Each structure stands twice: as structure tokens, then as C-alpha cells.
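Architecture and fold: a report
Residue-level listing of the chains:
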Amino acid sequence: QVQLVESGGGLVQPGGSLKLSCAASGLIFINYIMRWYRQAPGKERELVATIDTTGYRRNYSDSAKGRFTISRDNAKKLAHLQMNDLKPEDTAVYYCNARYVATAKGHWGQGTQVTVRT
């Protein structure tokens, strides 16, 4: 059974940093593209960052470019999202997603809340 568990969310002041982690189990991690999404209240879920299976190719939303960094540790089955210079508009529940490269079947974590405010 595939399981993704996010951690690292919390309350931070504008300009602060957080590092989210996603621990995966029940899958062959290197076969999955990892993504971070977020969903703010009243808004649709949006893609924030993507990293390919090797960790070599990364893509970011316009709002994340230059501030967020996605990474992965295939040996430990972990994906991370380092978020710097956080802004109130980054407030959302952040979700980890694992997408199997062969079938595009995806799995979701339960989410972790990030709140940016003074």
C-alpha cells in the first residue's frame, strides 16, 4: 500500500523559511515523479513544483521560482520542498504527489498546513 506522509508545515512570519518533507513507503520510489501541490481556502489545488525520477530536472510555478527548491533523496524515499522568503499568499495546505512514470497513476499525501502571517 502506497503511503505518502508530509511534515514540516507550520506558522511562519513573512520572509521566513520552511522545509517540507514527504516520506514515501510501499512503492519503488525511483519510479515516481514527485510533485508538490498546494490549495488555499476557496481556491483550486495548484501545482507548485515537480522533480523527475533522477532529481535532475525540476520545474516550478511562476510563484515558486526563485524562492522554492524541490529535491529528493531516492535512497531514503524522501522528497522535500525548501521554501524561502515566504509570503502571506503562500498560505495553503501543501500536498505531496507521487506519479508512476509508466502509468501516470498518482498518489497523494494527507497534506501539511503552511500559514504565513505576522
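Provided above is the structure to which this section pertains.
Attention in this report is confined to the structure presented alongside it. (Residues numbered from 1 in each chain as written. Predicted model: local features only at pLDDT ≥ 70, side-chain atom pairs only at ≥ 80, totals over all residues. Heavy atoms only, no water.)

As a further point, take the packing of aromatic side chains. Applying the stated rule across the entire model yields 3 aromatic pairs. Between Tyr 32 and Tyr 100, the aromatic rings sit 5.3 Å apart at their centres with planes inclined by 35°, giving tilted as the arrangement. Separated by 68 residues along the polypeptide, Tyr 32 in strand 4 (residues 32-39) and Tyr 100 in strand 9 (residues 92-100) bring together distant segments of the chain. Its relative accessible area of 9% is what places Tyr 32 among the buried residues. A residue is classified by how much of its surface remains accessible, and Tyr 100, at 29% relative accessible area, is partly exposed. What links up through ring pairs into an aromatic cluster is the set Tyr 37, Tyr 95 and Trp 108. The positively charged end of Arg 45 is found above the aromatic ring belonging to Tyr 95, 3.8 Å away from the centroid. Sitting over the ring of Trp 108, Arg 45 keeps its end group 4.5 Å from the ring centre. (Phe/Tyr/Trp six-rings, centres within 6.5 Å; stacked < 30°, edge-to-face > 60°. Helix = DSSP H or I, 4+ residues; strand = E, 2+ residues; numbered from the N terminus. Buried < 20%, exposed > 50% of the residue type's maximum accessible area, 1.4 Å probe, protein only. Lys NZ or Arg CZ within 6 Å of the ring centre and 35° of its normal.)

This brings us to the state of the cysteines. Inspection of every chain in the model, using the stated rule, returns 1 disulfide. Between the sulfur atoms of Cys 22 and its disulfide mate Cys 96 the distance is 2.0 Å. Where Cys 22 bonds to Cys 96 through sulfur, the torsion about that S-S bond is close to -75°, and the disulfide is left-handed. Residue Cys 22 is located in strand 3 (residues 18-25), and its partner Cys 96 is located in strand 9; the two are separated by 74 residues in the primary sequence. Looking at Cys 22, the relative accessible area reads 0%, which means it is buried. (Disulfide = S-S within 2.5 Å.)

The subject of this paragraph is unusual backbone geometry. A positive phi angle, near 50°, is found at Asp 85, a position not held by glycine. You can see Asp 85 is positioned in the loop between strand 8 (78-83) and strand 9. Exposure remark for Asp 85: the relative accessible area of 40% places this residue in the partly exposed category. Unusually for a residue other than glycine, Ala 104 sits at a positive phi of about 70°. By the secondary structure assignment, Ala 104 is in the loop between strand 9 and strand 10 (106-108).

Read these as layout, nothing more, since geometry by itself doesn't imply function.
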